[in-house]
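# Descriptive analysis of the structure
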Amino acid sequence: MVHHVGAAVRSLRHRVGLTVAVVGTLTVCIGATAAIVAIVDALLLRPLPYPAADRLVTLHETNLQRREAEGLLAPVRANDWAAATKTLDAIAGCYFENLTDTSGALPERIEAMRVSPGFLALFGTPPAAGRTFSADEEQLVAPVAVISDQLWARRFGRDPSAIGRQLRLSARSVTIVGVMPASFAAPDPTTELWMPMPSLTGSREARLLTAFGRLKPGVAPENAEADLSTIQRALGVAYPQTDGGWSARVTPLRDARVGGLRPTLWLLFGAVSLVLLAACGNVACLLLADATRREHEIAVRLALGAGRGGVVRQLLLEGAILAACGGVLGLTAANYGIALLRAAGPQLPLLRGAAVDGRIVAFTMTVAALTTLLFSLAPALRATRIDIAPRLAQGGRGLAGRRQGMQHVLVVAQVMLAVVLLTGAGLVARSFDRLRHVAPGFSAANVIAFRISAQWSERPDAVGARQLRTLDRLRSIPGVTAAAFSSVLPAGASFTPEEIHITEQPAADTRYAELRMVTGGYFRTLEVPIVRGRTCRDVAAVRPSSEVLVNRRFVDRYFGSADPVSRHIVAGPRAGLPPAEIIGVVGDVRERGLASDIEPMVYLCGLTPYWPDPRYLVRVEDRRRVSITAIREAIREIEPGRAVYAARPLEDFLADSIAQPRLNAVLLSLFAATTVLLAAVGLYGVLAQDVAARRREIGLRMALGAGSAQILGAIARQAAVVTGIGVIAGVAAALLLARFMASMIFGISPRDPLTFAIVPILLTMTAAAASLVPARRAATIDPMRALRDD
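Residues numbered from 1 in each chain as written. Predicted model: local features only at pLDDT ≥ 70, side-chain atom pairs only at ≥ 80, totals over all residues. Heavy atoms only, no water.

## Focus on the overall build of the chain
As a reminder, the rule being used: Counting from the N terminus, the helices are the DSSP runs of H or I reaching at least four residues and the strands are the DSSP runs of E reaching at least two. Throughout this description, buried means an accessible area under 20% of the type-specific maximum (1.4 Å probe, protein chains only), exposed means over 50%, and partly exposed covers the range between. We call two residues in contact when some of their heavy atoms are within 4.5 Å. For the accessible areas, the method is Shrake-Rupley and the probe is 1.4 Å, while residue cover comes only from the protein chains on display.
Helix and strand counts for the chain stand at 24 helices and 22 strands. Per-residue burial over the chain gives 49% buried out of 790 residues. A fraction of 82% describes how many contacts in the chain between residues 6 or more apart in sequence connect residues 24 or more apart. Accessible surface, the chain as shown: approximately 34500 Å² in total, 60% of it carbon and sulfur.

Below, the structure written as structure tokens:
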């Protein structure tokens, strides 16, 4: 009686443990898969929230000679294209404008877009409340605005009475006429307000519009690009000085939104798919072991008349229940996973719009159903393919030692997947580590960066005077050691290189360099060394300064060993700058980003009267003494109607620039660790089952004189063979993967010796740890008890 009770308890404990192991494995792996698929779906698969969204495209001007791959569009040229095109129903554009809302107690910055006539109609999205602009309002540039759902919620609590109310935007009152739905994100999700665009300059060089188009039905983007390029060539003949050499580029809106994220998305999707495959292999091993353990039970049922089909259906049903539990819990895990990813990288566009919706639920349930077939069918068929009489004669004793070939194959596959994922994670982590240790060329410590709201319509002379007054006030704050501003943050953006002519060199020699506008304290604020000459002076002048500094790379490439100081350069026609004297040489700064090479750079000295909202930089002795609040209060003293925004330590901006590589490294490392754990569990399960099945054989060998070392060696050899085959196959597959990854990710070496040396060692150590317990269990078997029990 006690024996039967003990057997029942052991059986129950085994079933509970099996259920927890299977459901837990599926929950983690299906949850991770659903989370990544939700991100892929949001960016690549889900239709954009606009009617006939597949017909929406972005429009750019291109000039290969000037290295302009995707330039903005001049308003006059947009009109020319719209009038002549035969492939687009409409063309419209917008430009960004910072506005300050002074309607409330404190000034608040509003991210606004000035839009050309027909811009909102081009996307075809009806407003959530109110209306959009009338034709008269667009033509007359009426003081009206359409606001975003985000601004409607933040300022008005989604009160319908907000329609008709006024906002005080930079000393001008505008009336709210409508609210766009939360799904509307044109040109990007951060836009909070749209206003009619005033009549802009007719200059064909004024390229400032972010332009969109709607294709005619049945027209492909390639055909539209050919059409607009033909129109542009004709314009080049008519206006050779401004339009010659320019062409058109048409890009589907979805492709433009995804940008360079597509390789990252498919890399993560491929990685999580391998994790799911490893999980299926792991669960299949567990169920195969369980089916082997239940062979006597199944043989009894078959002997009593149960049909093989009925037994298979029961085993499949048990697997389906486990898969359904894993799928439901996996959906919950996916929700939490997406939330954690958003918290870890709120600035990443990859995570916007990702959510577990009906499509992801359907995908998850489909995955659960497929995994049921993958890991339940083979064990079910194998368990019922037995000789009844021999199995009944064996009673509860195992024949499993001869039936583990499939489990060994599955463990080999898991080890191989673990090697591939671990190698990929190692390469990405090494790449991120190299990126993290790249010297930016400046010191971001104790530097605070921020912006001050301004409008493009402000008078240039007033802008220059305000900027100089702002710098003086910032430098007077106790604890501030330097203050400056630049058109963009260091390591924050890349621009198309401008054509440069060096006056003292042959006119036929064309040089290219990027331009940055900086004030005199820029290099001191960032602690960039002045190698030769001197730095800029701050002068409140409307016209551009006639002084520039260049970086070392500029000197090395265009002057060699000659001294560039006191030489003169002239920017190309597109920049429209006067001749300028080189007054100094500065150290190289990775202005384009940490992952980019250092390129020749020209720093234009002076204020930016035609760029009213530059990036301010303040160096402080101690951030605990000079806070962002102190800076806001200082600005409020001299500019009470302006808002300070985007205020953060420069180190945070620098960290944001590598946030995506960091997330890639973390996710791939987690996926790889999960796969290694699954492989270890699978190996442990196979070895443990093998030891249990061969208990009588091992006891007999020990009774005949075999020592513990021999038994340990036999189990270790079995583990070594399985692991070795998986590692060899995994390394071969990882070499192919590394070549593919090297073409997509900065700093990856396809034959990184450290990674390819560490991964096999790590897997071998993991396999040794996984085999230790079964091996010790085998070596400590009591021979007499084993022979008596069996």
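## Points about the packing of helix 15 (residues 460-475) against helix 18 (residues 628-638)
Note the cut-off: For helices, the fitted line uses only the C-alpha atoms of the stretch in contact; every axis is such a line through C-alpha atoms, and the angle between N-to-C directions lies from 0 to 180 degrees. When describing relative orientation, an angle under 35 degrees is termed roughly parallel and one over 145 degrees roughly antiparallel, while 65 to 115 degrees is termed roughly perpendicular and anything else oblique. By convention the crossing between two helices is left-handed if the near helix lies anticlockwise of the far one by an angle smaller than a right angle, and right-handed if it lies clockwise.
Direction vectors running N to C along helix 15 and helix 18 enclose 135°, while the axes themselves pass 10 Å from each other. The angle between helix 15 and helix 18 falls in the class oblique. Crossing hand, helix 15 versus helix 18: right-handed. Judged by residue contacts, R469, T470, R473 and L474 of helix 15 engage I631, A634, I635, E637 and I638 from helix 18.

## Points about a nonpolar patch on the surface
The test is simple: Each patch is built from residues lacking any salt bridge and having more than 30% relative accessible area; the joining distance is 9 Å for like charges and 5 Å for nonpolar side chains (Val, Leu, Ile, Met, Phe, Trp, Tyr). Note on definitions: salt bridges are taken to be side-chain nitrogens of Lys or Arg within 4 Å of carboxyl oxygens of Asp or Glu.
A cluster of nonpolar side chains, V328, V361 and M365, forms an exposed patch at the surface whose accessible area comes to about 220 Å². With respect to the helices, strands and loops of the structure, V328 is situated in helix 11 (residues 308-344).

## Let's talk about the side chain of T27
Put simply, the rule is: Distance and chemistry together define a polar contact, namely a pair of N or O atoms within 3.5 Å, with one atom able to donate a hydrogen and the other to accept it when in protein, and with adjacent residues in sequence counting only for side-chain atoms on both sides.
Structurally, T27 can be placed in helix 1 (residues 2-45). Within polar-contact distance, the side chain of T27 engages the backbone oxygen of V23 at 2.7 Å. Sequence-distant contacts of T27, that is, excluding residues within four places in its chain, are made with G326, L329, G330 and A333.

## Details of the pairing of strand 1 (residues 56-63)
Keep this limit in mind: Any two strands with at least two DSSP bridges between them are considered paired.
Buried residues dominate strand 1, accounting for eight of its eight residues. Residues L56, T58, H60 and T62 point to one face of strand 1 and V57, L59, E61 and N63 to the other, with burial holding for every one of them. In this sheet, strand 10 (residues 210-215) lies alongside strand 1 in antiparallel orientation, the contact comprising four bridges. Bridge pairing links V57 to G213 in strand 10. Sheet topology places strand 1 next to strand 11 (residues 247-252); six bridges connect them, and they run antiparallel.

## Regarding the pattern of salt bridges
Under the defined criterion, the tally for this structure stands at 31 salt bridges. For D41, the salt bridge is made with R359, and the minimal N-O distance between the two is 2.6 Å. Taken together, the residues span a long stretch of sequence, with D41 in helix 1 and R359 in helix 12 (residues 358-384) at a distance of 318 residues. For D41, a relative accessible area of 3% puts it in the buried group. Assessed through its relative accessible area of 42%, R359 is described here as partly exposed.

## Quick word on the packing of aromatic side chains
The description of two aromatic rings rests on the distance between their centres and on the angle between their planes. The criterion, for reference: Two aromatic rings, drawn from Phe, Tyr or Trp (for Trp, its six-membered ring), form a pair once their centres lie within 6.5 Å of each other, and the interplanar angle then sorts them: stacked below 30 degrees, edge-to-face above 60, tilted otherwise. Either the NZ atom of lysine or the CZ atom of arginine qualifies as a charge over a ring when it sits within 6 Å of the ring centre and within 35 degrees of the ring normal.
What the rule picks out here adds up to 15 aromatic pairs. Summarising the aromatic geometry, the rings of F450 and Y616 are spaced 5.5 Å apart at their centres and angled 10° between planes, so their arrangement reads as stacked. Of this pair, F450 sits in strand 12 (residues 447-452) while Y616 sits in strand 21 (residues 615-620), placing them 166 residues apart in sequence. Residue Y616 is classed as buried on the basis of its relative accessible area, which comes to 1%. One aromatic cluster is present, built from ring pairs that chain together Y50, F119, F123, F184, W194 and F212. Lying across the ring of W246, R207 places its NZ or CZ 3.7 Å from the centre. Looking at R648, its charged tip hangs above the ring of F653, at a distance of 4.9 Å from the centre.

## Topic: the side chain of T33
Mapped onto the elements of the fold, T33 is located in helix 1. Residue class for T33 comes out buried when judged on its relative accessible area of 3%. Only 2.7 Å separates the side chain of T33 from the backbone oxygen of C29, close enough to count as a polar contact. Residues in contact with T33, not counting those within four places in the same chain, are V272, L276 and F363.

## What to know about the packing of helix 2 (residues 75-84) against helix 6 (residues 221-238)
Helix packing for two helices is described by the angle between their axes and how far apart those axes are. Rules: Here the term charged refers only to Asp, Glu, Lys and Arg, the term nonpolar to Ala, Val, Leu, Ile, Met, Phe, Trp, Tyr, Cys and Pro, and the term polar to all other amino acids, Gly among them.
It is the contact of helix 2 with helix 6, at a shortest axis distance of 10 Å, that shows an interaxial angle of 120°. The angle between helix 2 and helix 6 falls in the class oblique. The element helix 2 and its partner helix 6 pack so that their crossing is right-handed. Each of R77, D80, W81 and A84 in helix 2 lies in contact with helix 6, whose residues at this interface are L228, I231, Q232 and L235. Residues belonging to the contact of helix 2 with helix 6 are distributed by class as follows: five nonpolar, one polar and two charged.

## Details of unusual backbone geometry
That bond from A186 to P187 is cis: its omega, 5°, falls within 30 degrees of zero. Inspection of the secondary structure assignment puts P187 in the loop between strand 8 (172-179) and strand 9 (193-196). Of note in this structure, N446 is not a glycine but carries a positive phi near 60°. When you line up the elements, N446 lands in the loop between helix 14 (405-436) and strand 12. A residue is classified by how much of its surface remains accessible, and N446, at 28% relative accessible area, is partly exposed.

## Looking at the pairing of strand 14 (residues 498-502)
Within strand 14, four of the five residues are buried, which leaves the element mostly enclosed by the surrounding structure. Inspection of the sheet shows strand 14 paired to strand 15 (residues 511-518) by three bridges, in the antiparallel sense. Across the sheet, E499 pairs through a bridge with Y512, a residue of strand 15.

## Observations concerning the state of the cysteines
To keep it simple, the criterion reads: Note on disulfides: each one is a pair of cysteine sulfur atoms within 2.5 Å.
Summed over the entire model, instances satisfying the criterion amount to one disulfide. Residue pairing for C536: its cysteine sulfur links by disulfide to C605, the two sulfurs lying 2.0 Å apart. The sign of the S-S torsion, about -60°, decides the handedness of the disulfide formed by C536 and C605: left-handed. Of this pair, C536 sits in the loop between strand 16 (530-533) and strand 17 (547-551) while C605 sits in strand 20 (residues 601-605), placing them 69 residues apart in sequence. Residue C536 is classed as buried on the basis of its relative accessible area of 7%. Taking the relative accessible area as the measure of exposure, C605 reaches 4% and is therefore buried.

## As for helix 5 (residues 149-156)
Our working definition: Relevant arc is that of directions from the helix axis to the C-beta atoms, nothing else.
Taken residue by residue, helix 5 has D149, L151, W152 and F156 as its buried positions. Looking straight down helix 5, one finds its buried side chains confined to an arc of 160°; they lie on one side. Buried-residue contacts for helix 5 involve strand 4 (108-115), strand 5 (129-130), strand 6 (144-147), strand 7 (166-169), strand 8 and strand 9.

## A closer look at the nonpolar core
The following threshold applies: Think of a nonpolar core as a cluster: buried Ala, Val, Leu, Ile, Met, Phe, Trp, Tyr and Cys residues, connected wherever their side-chain atoms sit within 4.5 Å.
Counting residues in each nonpolar core, the largest one holds 108 residues, and the members touching the most others are F442, Y603, L650 and L763. A total of 15 residues in this core trace back to one element, the largest contributor, which is helix 9 (residues 261-293). Sequence-distant contacts of L650, defined by excluding residues within four places in its chain, comprise F442, A444, V447, I448, A449, L489, P490, L526 and L617. Listed in part, the 24 residues of the second largest apolar core include A142, V144, M180 and F212.

## Considering the confidence of the model for the chain
Here is the rule we go by: Each residue carries a pLDDT value, the predictor's own confidence for that position, ranging from 0 to 100.
Mean pLDDT over the chain stands at 81; residues scoring 70 or higher make up 85%. Contacts of residues 1-7 to residues separated by more than four positions or lying in other chains number zero contacts, the stretch itself having pLDDT below 50. Contacts of residues 395-402 to residues separated by more than four positions or lying in other chains number 12 contacts, the stretch itself having pLDDT below 50.

## Some details on the environment of C285
As for its placement among the helices and strands, C285 is situated in helix 9. Judged by its relative accessible area of 5%, C285 is buried. The sequence separation of C285 and Q407 amounts to 122 residues, and the corresponding C-alpha distance is 5.5 Å. Discounting residues that sit within four places of it in the chain, C285 has contacts with Q407, L410, V411, Q414 and V686.

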